[in-house]
Amino acid sequence: MAFDIDKYTETSTKVAWQDLDFSEFRDNPLPEGTLRSLRYMCDIEYHTVCYLRDMLVTPSHKDEDVTAFMTMWNREEFWHGEALAAVLAEHDVIVDFDELKATRLKLGWKDRLDPVKQSLLGNIVGSGFIAVHMVWGAANEWSAVAAYNRLADMEKHPVLAELLRRIAKQEARHVAFYATQARERLGKSKKAQVLARFALKNFWGPVGSGVMTDDEVKHVMGHLMGGPEGRKEAAKIDAHIARMPGLAGLTIVQDALDARGIAA
Amino acid sequence: MSGENTMTVDETDPIRPPATRFDVRDFARTAVGSHRDEIDLEAFAANPLNPETVRSLAYLRELERSTMTYLRNVLVTPTHKDARVTAFLTTWAFEKYWIADALEQIVLAHDFDPASVVDLSRFRAFALEFAERTTPIVESFRANAIGPDVVGVHLATVAVDEWVVEAAYLQLIEADPNPELVSLLERVLEVKKRHRSFVEPETDRRLADSARARKLARRALRRTAWPVGASSLAKSETAVFYESLFDAGLAERIDVRVRRIPGLDDLHLIRTARRQALARGNRTRSSQGTDTKGGTNG
């Protein structure tokens, strides 16, 4: 499965929602728990630029395909943030840049040092680290696709479901990029496999952990990945990751659920 | 779109607070993507550009597409916390990607290898590799110790860089008024005008408000290799860039604008960059035994 970067950049677009009837949310508003999860997802999408920075400090920033992808990806995710903010606004939840800034300021020292650590580590191991970045991205994007589709299924709200499926469709293209890159790079290097396994097993956390509070992470994980149906989705993500060269047997998503005491 | 005012270097004071605040969301909403549909590549087959123009376009393509390297150094600093600035930079990088793509299409249509401008000697490649590996680390420690004042420095860098690159496009239009090229560059200048309308007032405000930011900006801008991205490009190409597109007068006109930025009132950034680039270009050519007398009058 090759990924055509030119085709991707040419067709990269901001997610559309202007054609959807958002007044539906006024007549048929979303429940509190769903709004809380949407708020989380909205923040994460806006914070993509923070992930971008973590990735740019690795040698990935020199690869032309990777930088082309990241330019588009970063923008598409920003627009997912805008779309979800528009849904929240219909429920009188206003997300603005100043507030996002406040969230980022709260991250403190841990966040400041992370890219440095990653850069040191990344530069020591050189281009093998790009594989880690790619498989990491794939895991996050698989999680995003699963989360959006699951919320669409659970909520059955006609307008929300349509919007979330559109977002999930774009996320699926991100998966295709990351997974193709990861598979190729892991396939070529035993060292990269060992490193990726080590990094995922020891450092991976659900998308948003480290940015959002533990309470919020727990809420979203429980909401979307809890119960038998949710667990099934988590197992599917793990199965995708385990099919990568050298990563058989990893169950990082299910482990993360267990660690937070999310009921199966 | 192609108003007369885009055809001259704007010499009115560029750093003025606008009447209304730049609407980052509107900017994102109306971002300009691919220019491919509007470029008639066949027109270049019938009416090709001068070889020097193509070479300059290849160089400019590299400058436009160096956004990820810029973001790499910027995002490890407190600048990444400012959601309004990062929202701007997200769309800015997107628009610049497509400007670079348009230039690439034209360069390729003239059978010119765009990668030739990044040819580096082995020694330089090594030095650059070392710098690239360490810069974000140094930046991160330094800028995090400095705090939010660094945002103004980053925006000032973009502002000055925009002026240099814009001046280059205007020079190209004058030197090689091929209608197809002119029409593309006019569109590009419109895109870049919006970038300026964000970074100029932001730079002004942030530097005017903080003595520390002004001090930092003075130091950082003097240490920057102009245009931004030049440090990873072949020195011979940077020499050609200045030699063919910037005379001493134009360099001075840009410096006048730089000096209007609060706290930068005695800098000669572009004059210095131009002199150094031309001197290096001449040295390279004399070592190769070719004519060294270029249009140097700086």
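Every chain's residues receive numbers from 1 upward, in the order its sequence appears when written. Lettering of chains starts at A and numbering of ligands starts at 1, both following the order in which they are written. Local features in this predicted model are restricted to residues whose pLDDT is 70 or higher, and side-chain atom pairs enter the listing and the counts only when it is 80 or higher, whereas totals over whole chains, interfaces and linings include all residues.

What is the right way to read the packing of helix α7 (residues 149–175) of chain B against helix α11 (residues 248–259) of chain B from this model?
Packed helices, taken two at a time, are described by the angle their axes make and the gap between the axes. Residues and elements named next belong to chain B. Angles here are taken between N-to-C directions and fall from 0 to 180 degrees, while the axes themselves are lines fitted to C-alpha atoms, restricted in helices to the stretch in contact. Helix and strand assignments come from DSSP, with helices taken as H or I runs of at least 4 residues and strands as E runs of at least 2, each series counted from the N terminus. One way to put it is that α7 packs onto α11 with a least axis distance of 10 Å and a crossing angle of 155°. Classified by the interaxial angle, the pair formed by α7 and α11 is roughly antiparallel. In this structure, the crossing between α7 and α11 has a hand that is right-handed. From α7, Val160, Trp163, Val164 and Ala167 reach across to α11, where they touch Leu250, Ile254, Arg257 and Val258. Of the residues assigned to the contact of α7 with α11, the class counts are 7 nonpolar, no polar and 1 charged. Small angles under 35 degrees read as roughly parallel and large ones over 145 as roughly antiparallel, with 65 to 115 read as roughly perpendicular and the rest as oblique. Handedness of a crossing follows from how the near helix is turned relative to the far one, being left-handed for an anticlockwise turn of less than a right angle and right-handed for a clockwise one. Placing a C-beta atom from the backbone of each residue, one calls two residues in contact when those atoms lie within 7 Å. Ten residues, namely Ala, Val, Leu, Ile, Met, Phe, Trp, Tyr, Cys and Pro, are considered nonpolar, four, namely Asp, Glu, Lys and Arg, are considered charged, and the remaining ones, Gly among them, are considered polar.

When you look at the packing of helix α3 (residues 32–46) of chain A against helix α5 (residues 64–90) of chain A in this model, what are you seeing that I'm missing?
Residues and elements named next belong to chain A. For the pair α3 and α5, the least separation of the axes is 7 Å and the interaxial angle reads 150°. Classified by the angle their axes make, α3 and α5 are roughly antiparallel. Our pair here, α3 against α5, has a crossing hand that is left-handed. Seen from α3, the contacting residues are Leu35, Leu38, Arg39, Met41, Cys42, Glu45 and Tyr46; seen from α5, they are Glu77, Phe78, His80, Gly81, Leu84, Ala85, Val87 and Leu88. Split by residue class, the contact of α3 with α5 holds 10 nonpolar, 2 polar and 3 charged.

Help me understand the environment of A:Ile167 in this model?
Residue and element names in this part refer to chain A. Take Ile167: it is sitting in helix α9 (residues 158–188). Judged by the 27 C-beta atoms lying within 10 Å of it, Ile167 is buried. A C-alpha to C-alpha distance of 28 Å links Ile167 and Ala199, two positions 32 residues apart in sequence. Ile167 has contacts with Val15, His80, Ala83 and Tyr148, leaving out every residue within four places of it along the chain. Once C-beta atoms are placed from the backbone, each residue is buried if 20 or more other C-beta atoms lie within 10 Å of its own, exposed if 12 or fewer, and partly exposed for counts between those two.

Help me out: how do you make sense of the confidence of the model for chain B in this one?
For residues with low pLDDT, the predicted coordinates do not support detailed interpretation. Residue and element names in this part refer to chain B. Mean pLDDT over chain B: 83, with 80% of residues reaching 70 or higher. Residue-level confidence of the predictor is what pLDDT reports, using numbers from 0 through 100. The element-level mean pLDDT for chain B is lowest in helix α6 (residues 122–146), coming to 57, with α11 highest at 97. Note on residues 1–14: pLDDT is under 50 here. Beyond four places in sequence and across chains, it has 16 contacts. When the criterion is pLDDT under 50, residues 290–298 qualifies, and its contacts beyond four places in sequence or with other chains add up to 19 contacts. What the predictor reports for the complex is a pTM of 0.87 with an ipTM of 0.88.

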